[in-house]
Every structure is written in C-alpha cells, then in structure tokens.
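Observations on the three-dimensional arrangement
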Amino acid sequence: LPDKYKGSVTTVWAEFIQLALEVKPLNLGQGFPDFAAPEIVIKALKDVANSDNVLLHQYTRGYGHLRLVNALSKLYSKKIDRELNPMTNVITTAGAYEALYCAILGHVTTCDEVILIEPFFDCYEPMVDAAGGKSVFVPLRPAKTSGTVLSSDWKLDINELTSCFTEKTKAIILNTPHNPLGKVFTYEELTVIADLCKKFNVLCISDEVYEWMVYEPYQHIRIATLPGMWERTITIGSAGKTFSVTGWKTGWAYGPENLIKNMQVVHQNILNSINTPAQEAIAIGLEHEISKMGSPDCYLVSLARELKDKRDYMAKFLTEIGMVPIIPEGGYFMVVDWTPLASKVGLDQESDRYKDYRFAKWTSRNLKVQGIPPSAFYSVPHKHLGENYIRYCFIKKDENLQKAADILKAWA
Ligand code: PMP
Ligand code: GLN
C-alpha cells in the first residue's frame, strides 16, 4: 500500500455496516431513509428501463448526461440567481463522494493545506491525504451546554479560524447543513469564512448535500451567492439525499468554468462517465420538482416538513430517557450526549479506544439500536471532543422511530 494511504483506518461505515449485518439492530447508524423514494423518480427509472431509446443503457456524456446537467443548471440558476452553462458550470459524479474527490484531487497538491471544520464528514481527511495535502482542523465548539442546546449553539471561534489561514492554505471544506451536527451556517458565519477565503485567495468546497433538509425558520444559504465567492466556490450536491435514493450514488458539483474544468480532468480518467439510467431518472425527477417549485407538495420542501416532525419526536424521547440531544436545524442526524446514562452501559465489555465507539457498539449489540460514534468525525488530537456523544439518524419510518423509543425507554 502506498505511504499516502498508510494512515487510512477502516472507516466507521465499514465497521458499523458489518456490525449491523451481524447483530441486525434497529439501524439509526449510516444515514439512509428506510421508506420509499418519491414515485416520480421510481417511475422514471422504470420508464427508462423500458424505454425504446436503447441508448439510455449505454455510456453517456462523460462530464454529465445532457438531460441531467440541463435540469441541474435550470434548478441552480434560479437558486443562485446566476445563469449556469450546463456544459461548463456543472459536472455529474458517482455520488457527492466522487465530487469531493475530484474537487480535492483537482486542486490540492503536495504541501497545500486544507482547512476542515470539526466534526467533519470523515472522508474529507483521507481525500486530502490522497492529494498529498495537509489537513488543518478547527473545531465547532458548544457556546452553551445546559438547557436546550441547538446545533446553532455550536460555533467557530473566529480567532481560532483566522489563525488557520496562511499562505499555504489552498482550500476550506464547508458543510452546511452539517453532518453530523445539523448546523445550518448563518449569513454572518458564512461572511466570516468568505472574507477569509477572499483575503487569503482560498478555494471553498461547499458540501451542501443536505441543502433541502432545513427546518423552519432556518434557511439554507449557498456560500457561492456571497459577494466575491462565486469565483472561488465549488458547490456539491447529491441525488441520494435530494430524492431519498442513496443507493443510486449520483452526485454533482457546480461552479465557475475553470474550477469545474479541473474536476473534469480528474473525473475523466477515473470513471469517465457515470451510470446513464440513474442520471436520466434524476433529470426527470428534477424537471418535475422545478415545475412544482413554490408549491407545498414539491418534494424538495415536503420532505423537510416530514423530517421536522421526526426530529421533534426523536428529541422528545431521547430527552425523556435522560439523554441530551443537540437539536439540529438541518440534515437528518441528531448528535446526543449519552453520558447521563453511562452507568447503564457496559463500556468495559467493549475494547475500543474511544468511549463513544464503546457506547455505540455496546448499544448495537445489547439494545439492538445502532448509532454512529461522532469521534469518527474528528482528527486524532480532537477525538475526545466527540466521545460523549452518539449520532442517530431520524430519516426513518415513524414506526421504526417508535420502536427505537420503546427499546430505549425500556432500558433507561
Ligand atoms: N457529504 C456528506 C456531508 C454526506 O453526509 C454524504 C453522505 N453520504 C456525502 C457527502 C456523500 O454523498 P453520496 O452518497 O451522494 O456520495
Ligand atoms: N452520509 C451518510 C452518513 O453520514 C452515509 C455515509 C456513508 O455511506 N459513508 O451516514
């Protein structure tokens, strides 16, 4: 194995998916819906499979299937109030993962520094390593720890953030709405980041895969729309999140031509093109949602409405048993302090180094409810900041959330 991969540990996903296969818990771990995707995309995929257009089963344009890049341009041109060229401002990828990979490998080289905001979606760090870059970590910290804590109470210290920016900084990866905290960055917070990016000539890779899952009264703000940021921002999205079809692994990025070009250079020699039927079906789904924009049954807003109730239900039962949830403003995860229940957990029956891993494994095996240990989303020196928490996913059928509530209430 080349040296650049030597630091790469088995991911939390590989570990917990394996554990779930073994113990078959109620799975609130890896983030995916356990209910049906909207009829529009399912029907579209069936129609594609049966279509007379046999070419829909063959390779398509490498930088993005035409119908999909057209739909994405139309959607985001409206959202960012700028005319996107589907040929040059958009690329489609094998999930947001590949968009992140192309954005990082297409810009970062040896000795470049990339700022990661902790907790961070775990693949960012190994991707920076693969590019030969160096990650520089800055943690979100809770400004409040008693009473009801919201994910907006977790903030960046401006001085700490500012000190990360140097002439070596090539990029910062922003994730809003945030996984795992559910934080939706405010205009003021984004302005601080944007001003530093401009001052130090830094690229902003904005992972916005949860862009549609924002709970009222909060609003998703795209950093690409801040003054002077379009030129230096790559924004990443995911059909898996948008249409509740995580298994379709189709994602995209949009941004200025020069930055998207660099991504194309990476993409064209690893995948060249991604799967055609899923792109066609997602394009049909987006066309449909664009025509419904502004109406309450547009999936891009109706899903968030449903999720808000699920969030509130989960926060309530976790609070009732004595855990302390951080209430998310967006995304579909909840980070929860489990330590008030520490005396009820057989932590010493698990051998992991970090307490949250022991909690997550013990509860998977013994209660048959699985969550994800948040220390996976921290650099080694900062893993202790995640150890008192567990991440639960709430994009689940009500009956399954209720099962989780029943199990946890019977135990606590
Ligand atoms: N970024 C974040 C923050 C995520 O939570 C995910 C979830 N998988 C991804 C990127 C990757 O998305 P995809 O499944 O489209 O590859
Ligand atoms: N984004 C999802 C999560 O955070 C899935 C992650 C994955 O499959 N690697 O749980």
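Residues numbered from 1 in each chain as written. Chains lettered and ligands numbered in written order. Predicted model: local features only at pLDDT ≥ 70, side-chain atom pairs only at ≥ 80, totals over all residues.

Let me state the cut-off plainly: UniProt positions are given in the numbering used here, feature names are shortened, and annotations may be inferred rather than shown by experiment.
With an unreviewed UniProt entry as reference, the chain is termed Aminotransferase class I/classII large domain-containing protein, source organism Nezara viridula. Database annotation for the chain, UniProt heading Sequence similarities (unreviewed entry): "Belongs to the class-I pyridoxal-phosphate-dependent aminotransferase family."

1. Describing the sheet that holds strand S2 (residues 90-93)
Quick note on the threshold: Here, strands pair whenever DSSP counts at least two bridges between them. Counting from the N terminus, the helices are the DSSP runs of H or I reaching at least four residues and the strands are the DSSP runs of E reaching at least two. For helices, the fitted line uses only the C-alpha atoms of the stretch in contact; every axis is such a line through C-alpha atoms, and the angle between N-to-C directions lies from 0 to 180 degrees.
Strand order in the open sheet made by the 7 strands is S2-S11-S10-S9-S8-S3-S4, with mixed pairing throughout. Lying at the two open borders of the sheet, with one neighbouring strand each, are S2 and strand S4 (134-139). Taken over all neighbouring pairs, the strand axes of this sheet differ in orientation by 20° on average, direction set aside. Note that strand S3 (residues 113-118) and S4 share 6 bridges and pair parallel. The residue of S4 that forms the bridge with Glu 118 is Pro 139.

2. Side note on the site of ligand 1
Note the following rule: In this text, near has one meaning. A residue is near a molecule or strand if its C-beta atom, placed using the backbone, is within 6 Å of it. We call Asp, Glu, Lys and Arg charged. Ala, Val, Leu, Ile, Met, Phe, Trp, Tyr, Cys and Pro are nonpolar, and the rest, Gly among them, are polar.
In the neighbourhood of ligand 1, 13 residues make up the surrounding shell, with Gly 95, Ala 96, Tyr 97, Phe 121 and Ser 238 lying closest. Of the residues forming the shell around ligand 1, the biggest block, 3 residues, is contributed by helix H4 (residues 95-105). Here the residues of the shell around ligand 1 are counted per class, giving 4 nonpolar, 7 polar and 2 charged.

3. Looking at the sheet that holds strand S12 (residues 324-327)
If you trace the 4 strands from one edge of the open sheet to the other, you get S6-S12-S13-S15, paired in mixed fashion. Each end of this open sheet is capped by a strand with a single partner; those strands are strand S6 (149-150) and strand S15 (389-393). In the sheet, S12 pairs with strand S13 (residues 333-337) via 3 bridges, with the strands oriented antiparallel. Each bridged residue has a counterpart across the sheet, and for Val 324 the counterpart in S13 is Asp 337.

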